[in-house]
Every structure is written in structure tokens, then in C-alpha cells.
Amino acid sequence: MSRYFAPAIAISTGLLVLLGYFLPLGSLAGLRVVIVHWAVVLSGAAVFVGVLNLLSVHVKKIRTKEKNNIYSLLLIASLLFTLVLGMISGSNSSIMSNIFNTIILPVEASLMAIMAVTLIYASIRLLRKRNDLMSIVFLSVAVLVMLGSAPLPFIQLPLFGDLIRPKIVNVFATSGARGILIGVALGTLLTGLRVLMGVDRPYGGK
Amino acid sequence: MPLPALAGLILVAFSAVLLIGLFLLKDRVKASFRKIPAFSKFNKSIGTAVENGTRIHFSLGSADIVRPRTAASFSAISVLRRIVEMAATSDAPPVATAGDASLAILSQDSLRTAYRAAGADQQYQADSGRVTGLTPFSYAAATLSTIYDEDISSHSIMGGFGAEVGLLTDATERNDSFTLAAADSLPAQAVLFASVEDPLIGEDLYVSGAYLNAGRAHMVSVFVQDTLRWLIVLVLLGGATMKLLAGLL
């Protein structure tokens, strides 16, 4: 039954939302908003299922004594601690905000900082792995743009900040980015159409 | 109706007609794609993973299903389904990680369907499709443990990513495993260009189904994508010429 039911629901709701977007007639536009709200609610409920999935994966890791299962234990303890605290104090409380601002935010900022180091290392490796013209162009442009944007102590490089960097960023990079984005937009359109036609079913069912 | 909306509607309708028309032409449309080495290397790495009994990892990104970036996730799920169908007999089940709960549920559904299609229902494990983190960086950080600890030899890092994708590709590189990587955002593509041997740039992410033989619809959609691209090129050139002529006259 679900073999036909799921695609029928997916295709009909997809078409309604698409038509509601292009033809903003009273009832159609209203229906589109209602369906999108349902999707948001379902997506919220999915987070709960996702957390249960996360728990089950890590409980299994501890039970089967997998490698580095101490981290799984830490994850479960932190998750339960935050959950209990959130339920007692409320999700908008200052304790929850503090947890977010003093743990999650700095950790993510640190990861971003690690990314900078990782990228420098990857750029050095690039020439070793792929020693071609495009790699040389890529790295040269990166260096030129950095010289034009980085605040250097004591000196100010002429031309880089005033001429070369703006030319690269505003002309070459923007036109290239637009070209890539047109390709991405066409890919997105065709992927959406495949899903709407039911030939591509990311929701399962053959 | 406003002009941009009308133009959009015409583009969508034209693409749909072209897609359906070419799909119905069946074998009269012959496939001839440019060579993308990443896909042939990926196919080879899948074979090696099945032979060695190592795992295949699908990193699906953090794009949720209620935003325009969903298409990238859907493309990644198509790849997952196709590859799991091919590698269903492997001793080590493939693992899919997602940075969004709804995407993880879809990946579980696709894994189950792929195993069923391959006649290997008993191989399916519910924890093969999992959420590892709910923000882009927490997802990337938590996926690192999957990359390092789960005996993986082939990675498909495709979907909605930002610059955090660099953490994942750096880990796969250190692990000496093959990585097929593509993302929908420009910062992620720039990071991938620097960190992966054969990155997929731009619309390559959306043609992966055609290159991995996921079905006729994928092949036809590449034709439509190419046709539309040429049309857009002609429109842009026409517009530029007209503007130039208007300036000269």
C-alpha cells in the first residue's frame, strides 16, 4: 500500500506547493503556507527521533565496547544533563543560554579556527597531489587576495588592496561564482522535477 | 503575475516537458558524457571495499528538508541508494551520517529500500543511517569519529555543506581512503578544490546519479540540464549584444 501511498502524497503536496508559489491565488497560496508549516512541524518532530537515534547508536557503541566508547559515554551524559536542565529551567532560561554561549559557541569557533590551519595544510598538499595549471592558478589567486585583505603590520602593499584584490573579487570571482550558481540552480531544478515526477524517490519505496 | 514568477513558471514547465518527452523517447536518446575521473575511481573504491570487507561511508551534510538546499541532499540520497544496491552483499554494511534528523530518517528509509531491492533485507541495520550532530560544525566534529573508528575505505561526502566540509576531507585524507566529494555552496566547493584529489564542482553534484547508472531518468535529466544551460548562455549573450548595440546606436 505504502508503495503507492507515499509517492502519491509526496507528488501531490509538491505540486501544490510549487503551484502555490507561482500562482499566488487566495486558496492555493494559503494551502502552500499550511503545507510548508506542516513540513516545519514534522521536521521538528524528526529532531526528537534523531536524538533517539543518536542515543541508540552510542548506547550500542558502549554495549559492544567499540573503540573510543568513552566519548559515547560522555555524549550520553551531556545529552541527559542538558535535557534535564532544560526541562527544569525552560529552554529560554539564562542557564540554557549560558550553556550555549560558553560551551557550544566557543567549541564551534575553535573548530572554525582549526579549519583555517587545515586549509593551509590542504593548500600545500594540493600542489603535491594535483600539480596542474588550475591548482597553481587557485593558489596564486588565494595568495593575491590574502595579500590584499590581510592587515599587515607596519607596511601597506600598494596595488594589492586597491586594485588587484577588488578586480579579482568583483570581476573574476563574481562572474565565476554566478556561472557555478547557474549550474547549481539548474541541477536543483532538475532534481526537484525528478522527485515531483516520482522517478527519484528519496523517501524510499520502489 | 509578476514577470520573474512568470519566467520561472515557463522555465519549470519547459524543463518538465523536455524531461518527460526525452524520457518517453526511450533508447533513441544515447548517453555520451564527458569523463569525470572521480566517478570511475569511486566505483573502483566501492569494489575494493566490498572485496576487503571494509565499510562505505555516506556523509549527507546538514541541509534540512524544508529549504532550497534540499536538492543537494536528495542527490546524495540517490547516490546512497544506488551504491548500497551495488554493495548490499558486503560483510560490512555501509553507514550514512547526517547533520539533520529528517535527512537521517530519509537515509534509513533509502538504505532499507536499497537492501530490499538487492534482495538482502536481513543485512539492513537501523543504526546504519544516523544523526551525528545538529549544527554544521557539531556534525562535522562528530562524524570524524565515524571516519576514524569504523574501518571505512570509501567515502561519499555529498550534500549541503559549508566550509566545515574541510574537517571531513582532512580526516579522510589522513585515513588514506578514497573520497568522492561535492557540495552545493561556493565556500564548500572552494575548500573541496583545495583538499580533495578529484572534487566535483558546480552541477556535477546533481549529475552523480547519471554517472553511477542510477536510472534512465538521471541520464535524461543531464540532457535537459545541458539544453537549459545552452539556452541560458544564448539568452545571456543575446542580452549582452542587445545592450552593446543599444549603447552604440
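Bear in mind that the values here come from a model prediction, so they are computed numbers and not experimental data.

## Considerations on the pattern of salt bridges
What the rule picks out here adds up to 16 salt bridges over all chains. D200 of chain A is the salt-bridge partner of R194 of chain A, the closest N and O atoms lying 3.2 Å from each other. The class for R194 of chain A is buried, based on a relative accessible area of 1%. A residue is classified by how much of its surface remains accessible, and D200 of chain A, at 7% relative accessible area, is buried. In this structure, E197 of chain B engages K41 of chain B in a salt bridge whose closest nitrogen and oxygen atoms are separated by 4.0 Å. With E197 of chain B in the loop between α7 (186–195) and α8 (208–211) and K41 of chain B in helix α2 (residues 37–52), the pair connects residues that are 156 residues apart, well separated along the chain. Assessed through its relative accessible area of 42%, E197 of chain B is described here as partly exposed. Look at K41 of chain B and you get partly exposed, because its relative accessible area is 33%. Taken together, the shared-partner salt bridges connect K61 of chain A together with R55, R130 and E150 of chain B into one network.

## Remarks on the packing of aromatic side chains
The final tally for this structure, using the stated rule, is seven aromatic pairs over all chains. When the centroid spacing of 4.8 Å and the interplanar angle of 45 degrees are considered together, the rings of F138 of chain A and F193 of chain B count as tilted. Note that F138 of chain A is positioned in helix α5 (residues 133–149) and F193 of chain B in helix α7, a pairing that runs across two chains. In this structure F138 of chain A comes out as partly exposed when scored by relative accessible area, which is 26%. Given a relative accessible area of 17%, F193 of chain B falls into the buried group. Ring plane angle 35 degrees and centroid distance 5.2 Å describe the contact between F33 of chain B and Y211 of chain B, whose orientation is recorded as tilted. With F33 of chain B in the loop between α1 (3–24) and α2 and Y211 of chain B in helix α8, this pair connects stretches of sequence that are 178 residues apart.

## Here's the deal with the domain arrangement of chain B
Residues and elements named next belong to chain B. Here chain B is described as being made up of domain 1 (31–214) and domain 2 (215–249). Between domain 1 and domain 2, the contact holds 10 residues from the first and seven residues from the second. Of the roughly 740 Å² buried between domain 1 and domain 2 on both sides combined, carbon and sulfur atoms contribute 62%. Connecting domain 1 to domain 2 are one salt bridge. One salt bridge connects E203 with R229, and the closest N-O pair in it is separated by 2.0 Å. Summed over the shared surface of domain 1 and domain 2, the result is two residue pairs in polar contact (both at pLDDT 80 or more). Among the residues making up the side of domain 1 that touches domain 2, the classes are represented as six nonpolar, three polar and one charged.

## Digging into the interface of chain B and chain A
Of the residues lining the interface, 76 residues belong to chain B; the matching set on chain A comes to 58 residues. Area buried by chain B at its contact with chain A is led by F137, F193 and A194 of chain B, which between them contribute 11% of it. Summed over the shared surface of chain B and chain A, the result is four salt bridges. Between K129 of chain A and E173 of chain B there is a salt bridge, with the nearest N and O atoms lying 3.8 Å from each other. Summed over the shared surface of chain B and chain A, the number is 14 residue pairs in polar contact (both at pLDDT 80 or more). Listing elements by their share of the side of chain B that touches chain A, those giving two or more residues are α1, α3 (70–86), α4 (101–117), β3 (129–131), α5 (136–149), α6 (165–174), α7 and α9 (216–248) of chain B. Counting residues per element, the side of chain B that touches chain A draws most heavily on α1 of chain B, at 10 residues. Split into classes, the residues belonging to the side of chain B that touches chain A amount to 40 nonpolar, 21 polar and 15 charged.

Conventions adopted
Residues numbered from 1 in each chain as written. Chains lettered and ligands numbered in written order. Predicted model: local features only at pLDDT ≥ 70, side-chain atom pairs only at ≥ 80, totals over all residues. Heavy atoms only, no water. Salt bridge = Lys/Arg side-chain N within 4 Å of Asp/Glu carboxyl O. Buried < 20%, exposed > 50% of the residue type's maximum accessible area, 1.4 Å probe, protein only. Helix = DSSP H or I, 4+ residues; strand = E, 2+ residues; numbered from the N terminus. Phe/Tyr/Trp six-rings, centres within 6.5 Å; stacked < 30°, edge-to-face > 60°. Domains from an automatic or database assignment. Contact = heavy atoms within 4.5 Å. Buried area = accessible area lost by both parts, 1.4 Å probe. Polar contact = N/O pair within 3.5 Å; in protein donor to acceptor, adjacent residues only side chain to side chain. Nonpolar A, V, L, I, M, F, W, Y, C, P; charged D, E, K, R; others polar.

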